[in-house]
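Here are the chains, one letter per residue:
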Amino acid sequence: SALEGWLAREVPAELRFMVEDSFIDGDGIGKPLGILQSGALIEATRADASAVADEDISQMWSQRMLGPQDYVWFVNASVMPQLYAMTVGNFPVYQPPGGMSDTPYGALFGRPVIETEYNPYLGTVGDILLASPSQYIAITKGGMQSASSIHVRFDYMETAFRFVYRVDGQPKLASSITAFDGTNTVSPFVALAATT
């Protein structure tokens, strides 16, 4: 019974982690198609190897699709020292929680910065990702189902546990699009390109 109580707490947390990870980087085979693996992703050119510069942030912002109002920045923790050191003139680019922005979260261009384990390490495509969550479609069928059986491994005096959570997802767009003026390619998902 102690094991069942522990599983009831830990398995949902692990399932949530796996689902969220697949929304960011899933390959779409037996799991959701993640933003970083989709055709809708735009990779903005990185100015400096293994770094994030203010011009990178500006470039990413300029390649976002206009319309959605829910953009957020997903970043790997290895990117945070770069953001803290970034300035334009005497002004910091990144505003830490409770800092100059007087908001409960850090912000870039007024949009929240969310640290995740799902983004790859600094210098890899997607170490920083500008995304509009409303442009990602996710579906579920029912909630998490769990069952246990003493019969499956009866001869070994073991209890088998099974957990099922049905979920799928993918970006709304199959590819990036050409902006209305016909000169710029835009997307609701813009990642910083890998180090060259």
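Residues numbered from 1 in each chain as written. Predicted model: local features only at pLDDT ≥ 70, side-chain atom pairs only at ≥ 80, totals over all residues. Heavy atoms only, no water.

Colleague: With reference to specific residues and values, describe the sheet that holds strand S6 (residues 111–116).
Modeller: As a general point, the strands of a sheet are linked pairwise by backbone hydrogen bonds and lie either parallel or antiparallel. One open sheet holds the six strands; their spatial order is S1-S12-S7-S2-S6-S5, and the pairing between them is mixed. Every other strand in the sheet has two partners, leaving strand S1 (42–44) and strand S5 (107–108) as the edge strands with one partner each. Both strand S2 (residues 72–76) and strand S7 (residues 128–131) contribute to a ladder of four bridges, which runs antiparallel. What sits directly across from Phe74, in S7, is Leu129. Together, S1, S2, S5, S6, S7 and strand S12 (189–192) form the strand contacts of helix H2 (residues 54–62), whose direction differs from that of S7 by roughly 25°. (Pairing = 2+ DSSP bridges. Helix = DSSP H or I, 4+ residues; strand = E, 2+ residues; numbered from the N terminus. Contact = heavy atoms within 4.5 Å. Axes fitted to C-alpha atoms, helices over the stretch in contact; angles between N-to-C directions.)

Colleague: I'd love a proper account of the packing of aromatic side chains, names of residues and values included.
Modeller: Counted under the stated rule, the structure contains five aromatic pairs. Judged by centre distance (6.2 Å) and plane angle (20°), the ring pair of Trp61 and Trp73 falls under stacked. In this pair, Trp61 is assigned in helix H2 and Trp73 in strand S2, connecting sequence segments twelve residues apart. Relative to Phe109, the ring of Trp61 lies with its centre 4.8 Å away and its plane at 5°, an arrangement referred to as stacked. Placement of the pair is Trp61 in helix H2 and Phe109 in the loop between S5 and S6, with a sequence separation of 48 residues. In this structure Trp61 comes out as buried when scored by relative accessible area, which is 16%. (Phe/Tyr/Trp six-rings, centres within 6.5 Å; stacked < 30°, edge-to-face > 60°. Buried < 20%, exposed > 50% of the residue type's maximum accessible area, 1.4 Å probe, protein only.)

Colleague: Before we move on, could you go through the layout of surface pockets and cite the residues and values that matter?
Modeller: When its volume is computed, the largest pocket comes out at roughly 200 Å³. Lining the largest pocket are Glu20, Phe23, Ile24, Ile35, Phe74, Thr116, Tyr118, Ala131, Ser132, Pro133, Tyr136 and Phe189. Broken down by element, the residue count for the lining of the largest pocket peaks at three residues, all from helix H1 (residues 2–25). Each residue belonging to the lining of the largest pocket can be placed in one class, and the counts come to nine nonpolar, two polar and one charged. (1 Å grid on protein atoms, 1.4 Å probe; cavity = no way out; pocket = protein on both sides within 12 Å on 5 of 7 lines; lining within 4 Å. Points joined across faces, edges and corners; volume = space filled by probe spheres on them. Nonpolar A, V, L, I, M, F, W, Y, C, P; charged D, E, K, R; others polar.)

Colleague: Give a detailed account of H1, specifying residues and quantitative values.
Modeller: Given a rise of 1.5 Å per residue, 24 residues ought to cover 34 Å, and the 34 Å separating the end C-alpha atoms of H1 matches this to within 8%. By the largest-angle criterion, Ala8 marks the main kink of H1, which is about 25°, and a proline, Pro12, follows within four residues. Buried within H1 are the following residues: Leu7, Val11, Val19, Ser22 and Ile24. Lining the buried residues of H1 we find S2, S7, strand S8 (136–153) and strand S9 (158–171). (Expected span 1.5 Å × (residues − 1). Bend = angle between axes of the 7 residues up to and from the residue.)

Geometry only, nothing functional implied.
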